[in-house]
Amino acid sequence: MQPLFLYNTLTRKKEEFKPINPPLVGLYVCGPTVYSDVHLGNCRTFISFDMIYRYLVHIGYKVRYVRNITDAGHLEGDRDEGDDKFAKKAKLEQLEPMEIVQKYTVGFHDVMRAFNNIPPSIEPTATGHICEQIEMIKQIMDKGFAYETDGTIYFDVEKYNKDFSYGQLTNRKLEELLEGTRELSGQDEKRGRLDFALWIKAKPETLMRWPSPWGWGFPGWHIECSAMSSKYLGDVFDIHGGGMDLQATHHTNEIAQSQACNHKAPVNYWMHTNMLTVNGVRMSKTAGNGFLPGELFTGDHPLLERGYSPMAVRFFMMQTHYHSTLDFSNEALQASEKGFERLMDSYNTLQTLKAGSSSSEDIKALQAKCYEAMNDDFNTPILVAHLFDAARIVNSANDNKLSLTQNDIDLLKSIYQNFIFDVMGLQTEEENSKANDVLAKVMSMVLDIRNKAKVDKNFPLSDEIRNKLTDAGVQIKDGKEGASWKI
Ligand code: AMP
Ligand code: ZN
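Here the structure is a predicted model, which means the values were calculated and not measured.

Draft legend 1. Just helix H2 (residues 85-93), in detail. Here H2 has its buried residues at Lys 85, Phe 86, Ala 87, Lys 89 and Ala 90. Summarising the contacts, the buried residues of H2 are in contact with helix H3 (97-114). Gln 94, located one to two residues past H2, shows a positive phi value of around 55°.

As structure tokens, this is what we get:
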């Protein structure tokens, strides 16, 4: 295995990747907050980590990939103020908070599937790990780094900073961080301006609440990732990822919590994806420039000239390094779409290419360059440049302008398979439609079985089929002509 170098936010250097326990790799990625649909910016982060996961697997690692679902404890402000996002949305949509969670989790999975992202090995939820979070808070309190004020538990940042370095991830001193925060007022429950909540006391109107040693309440946002990552990957694990916007608060607080708990730095390599922007402004729910993947596919959004296929969008993302900002524009997407078509056309040409008796190209060197690009901090734009070179060779061979042996052709086929499909996770349109064909056949079979159950008056079975399909995100509609379905 060639050495793999990756940029570590913590040390601000590219470092050779050395897992704690090879060939096992622990990878934790902060997942979505499921109180609304994910926008394309969120997708960029998840697609980048999907590519990183795919490459680690491709080069022989056995990766335990954990990506959580934040389904509780997310307040509007970064610093424990504002309303609970889930409760607010539940009120707005007149649903139970857990209906909100279910609805947007199903939607998130649909989007991930559309982009051909591989599901993580474990997808834990915050609400499913309340006990673990309470246990961790208790330990932090026992170690003296947290205090209680009227049923709410705060992490004591200044005390922690005496023993450890709170601002290490963003390379900031405590004094600098303090400068950026507002003064505490007499009514504040916190002792220090940077202190953050580990557990928040429920108000009478709080809908999502759990019992704890400090009364009814709910966990702060940051503690879920510390509790779940250590549960599934251990107190110290290999890679932790997320978007760059999480560095200063969420990830800084995760490090503090874990380190306060067991005096060990929890993560060896911190990796952060850069932001997707629109006209230079970060795409976000609050900026109002966050269009949804569904809108992107149909073109139904004022910012979009027309719709784009999920694979064209994925390719667009691969053409920029995950660590650089990526600005969305119709022109850039259309250029990517053309590039992707060119690559796919050459893939089809490659399947019919006839071997010659001599070789005029060094395909082995080309393959080595592809690995070199990926081993250099997952440099997909350079990889894509090499793949365009491969496409040029294929097209020239097809035009008899150069000659390739059968070995060359076989090697080119494996380069396409490995890098375009396995590592970058792209699919041919054909594969996409093949998957849809299979789905249509399976659904028709399931509806036939359900219909037969109804004819036999086996209503528990027909209801069970409907409910299980609903859970899987498939809606059944019974009509005069029989049942129809939609995702
Ligand atoms: P959220 O659901 O807001 O917690 O975000 C889910 C993930 O998307 C986090 O890892 C964020 O860092 C990431 N993210 C949010 N906005 C963007 C953006 N504009 N570009 C790339 N990643 C983003
Ligand atoms: Zn997290």
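Moving on from the coordinates now.
Draft legend 2. Here's a closer look at the domain arrangement of the chain. Domains assigned within the chain are domain 1 (5-273), domain 2 (277-423) and domain 3 (432-486). Here the C-alpha centroids of domain 1 and domain 2 sit 33 Å apart. Across the domain 1/domain 2 interface, buried area totals approximately 3,000 Å², and carbon plus sulfur atoms make up 65% of it. Considering only the side of domain 1, the residues that lose the most area to domain 2 are Leu 40, Arg 44 and Tyr 55, jointly responsible for 24% of the buried surface there. Between the two partners, domain 1 and domain 2, sit three salt bridges. Here Lys 14 and Asp 376 are joined by a salt bridge, their closest N and O atoms 2.7 Å apart. Where domain 1 meets domain 2, there are 15 residue pairs in polar contact (both at pLDDT 80 or more). Among the elements of the structure, strand S1 (5-8), helix H1 (40-58), H3 and strand S10 (267-273) are those that each provide at least two residues to the side of domain 1 that touches domain 2. The dominant element in the side of domain 1 that touches domain 2, judged by the number of residues it contributes, is H1, at 13 residues. Grouping the amino acids of the side of domain 1 that touches domain 2 by side-chain chemistry returns 17 nonpolar, eleven polar and six charged.

Draft legend 3. Focus on the site of ligand 1. Ligand 1 sits among 19 residues. The nearest are Gly 41, Thr 45, Asp 245, Leu 276 and Met 283. Residue Asn 42 places a side-chain N or O atom 3.1 Å away from an oxygen atom belonging to ligand 1. In this structure, a nitrogen atom belonging to ligand 1 sits 2.7 Å away from a side-chain N or O atom of Thr 45. Secondary structure elements with two or more residues in the shell around ligand 1: H1 and strand S9 (237-243).

Draft legend 4. Molecular detail of the sheet that holds strand S6 (residues 152-155). Taken together, four strands build an open sheet; the order of strands is S5-S6-S7-S8 and the sheet is antiparallel. One side of each edge strand has no neighbouring strand; the edge strands of this open sheet are strand S5 (146-149) and strand S8 (217-219). Between one strand axis and the next, the sheet turns by 20° as a mean value, whatever way the strands run. As paired elements, strand S7 (residues 196-201) and S8 share three bridges and run antiparallel to each other. Bridge pairing in S8 places Ile 200 opposite Phe 218. With respect to the sheet, helix H4 (residues 130-142) is in contact with S5, S6, S7 and S8, its orientation differing from that of S7 by roughly 120°.

Draft legend 5. Here's a closer look at unusual backbone geometry. Cis geometry is adopted by the peptide bond preceding Pro 23, which originates at Pro 22 and carries an omega value of 5°. Relative to the helices and strands, Pro 23 is located in the loop between strand S2 (13-16) and strand S3 (24-29). Located in the positive-phi region is Asp 150, a residue other than glycine, with phi close to 50°. Relative to the assigned elements, Asp 150 resides in the loop between S5 and S6. For Asp 150, a relative accessible area of 52% puts it in the exposed group.

Draft legend 6. Fine view of the coordination of the zinc ion (ligand 2). Distances from the zinc ion (ligand 2) to its protein donors, namely Cys 30 (SG), Cys 225 (SG) and His 250 (NE2), fall within the range 2.0 to 2.1 Å. Here the donor residues of the zinc ion (ligand 2) are spaced in sequence according to C-x194-C-x24-H. With Cys 225 in helix H7 (residues 221-233) and His 250 in helix H8 (residues 247-262), this pair connects stretches of sequence that are 25 residues apart. Exposure remark for Cys 225: the relative accessible area of 1% places this residue in the buried category.

Draft legend 7. Layout of the nonpolar core. Ranked by size, the top nonpolar core spans 136 residues in total, and within it Leu 40, Ile 140, Phe 155 and Phe 378 carry the most contacts. It is H1 that provides the largest number of residues to this core, a total of ten residues. Taken domain by domain, this core gets at least three of its residues from each of domain 1 (5-273) and domain 2 (277-423). With near-sequence residues (within four places) excluded, Ile 140 lies in contact with Phe 145, Ala 146, Phe 155, Leu 198, Ile 223, Gln 257, Ala 260 and Cys 261.

Reading guide: rules and limits
- The residue numbers shown here count from 1 along each chain, following its written sequence.
- Chains carry letters and ligands carry numbers; both start at the beginning, A for chains and 1 for ligands, and go up in the order they are written.
- A pLDDT threshold of at least 70 governs which residues receive local features in this predicted model, and a stricter bar of 80 or more applies before side-chain atom pairs are shown or counted, although totals over entire chains, interfaces and linings include all residues.
- No hydrogens and no water enter the side-chain calculation; it runs on all heavy atoms of the structure.
- Partly exposed describes any residue whose relative accessible area lies between the buried limit of under 20% and the exposed limit of over 50%, with all areas from a 1.4 Å probe on protein chains only and scaled to the type maximum.
- Strands are runs of DSSP state E lasting at least two residues, helices are runs of H or I lasting at least four, and both sets are numbered from the N terminus onward.
- Contacts are assigned to residue pairs with any non-hydrogen atoms lying within 4.5 Å of each other.
- Residue ranges labeled as domains rest on an automatic or database domain assignment.
- Defined here as a combined quantity, buried area equals the accessible surface (1.4 Å probe) lost by two parts on assembly, summed across both.
- Whenever Lys or Arg places a side-chain nitrogen within 4 Å of a carboxyl oxygen from Asp or Glu, that contact is recorded as a salt bridge.
- We define a polar contact as two N or O atoms separated by no more than 3.5 Å, with the added condition that, inside protein, one atom must be a possible hydrogen donor and the other a possible acceptor, whereas residues neighbouring each other in sequence contribute only through side-chain atom pairs.
- Each residue gets one of three labels, nonpolar for Ala, Val, Leu, Ile, Met, Phe, Trp, Tyr, Cys and Pro, charged for Asp, Glu, Lys and Arg, and polar for the others, Gly among them.
- We call a residue near a molecule or strand as soon as one heavy atom of that residue lies within 4 Å of the molecule or strand.
- Any two strands with at least two DSSP bridges between them are considered paired.
- Note on geometry: axes are C-alpha line fits, over the in-contact stretch for helices, and angles between N-to-C directions span 0 to 180 degrees.
- Here the coordinating atoms are restricted to nitrogen, oxygen and sulfur within 2.8 Å of the metal centre, or 3.2 Å for Na, K and Ca, and because water is not among them the sites may look incomplete.
- As used here, the term nonpolar core means buried Ala, Val, Leu, Ile, Met, Phe, Trp, Tyr and Cys residues forming a set that is joined through side-chain atoms within 4.5 Å.

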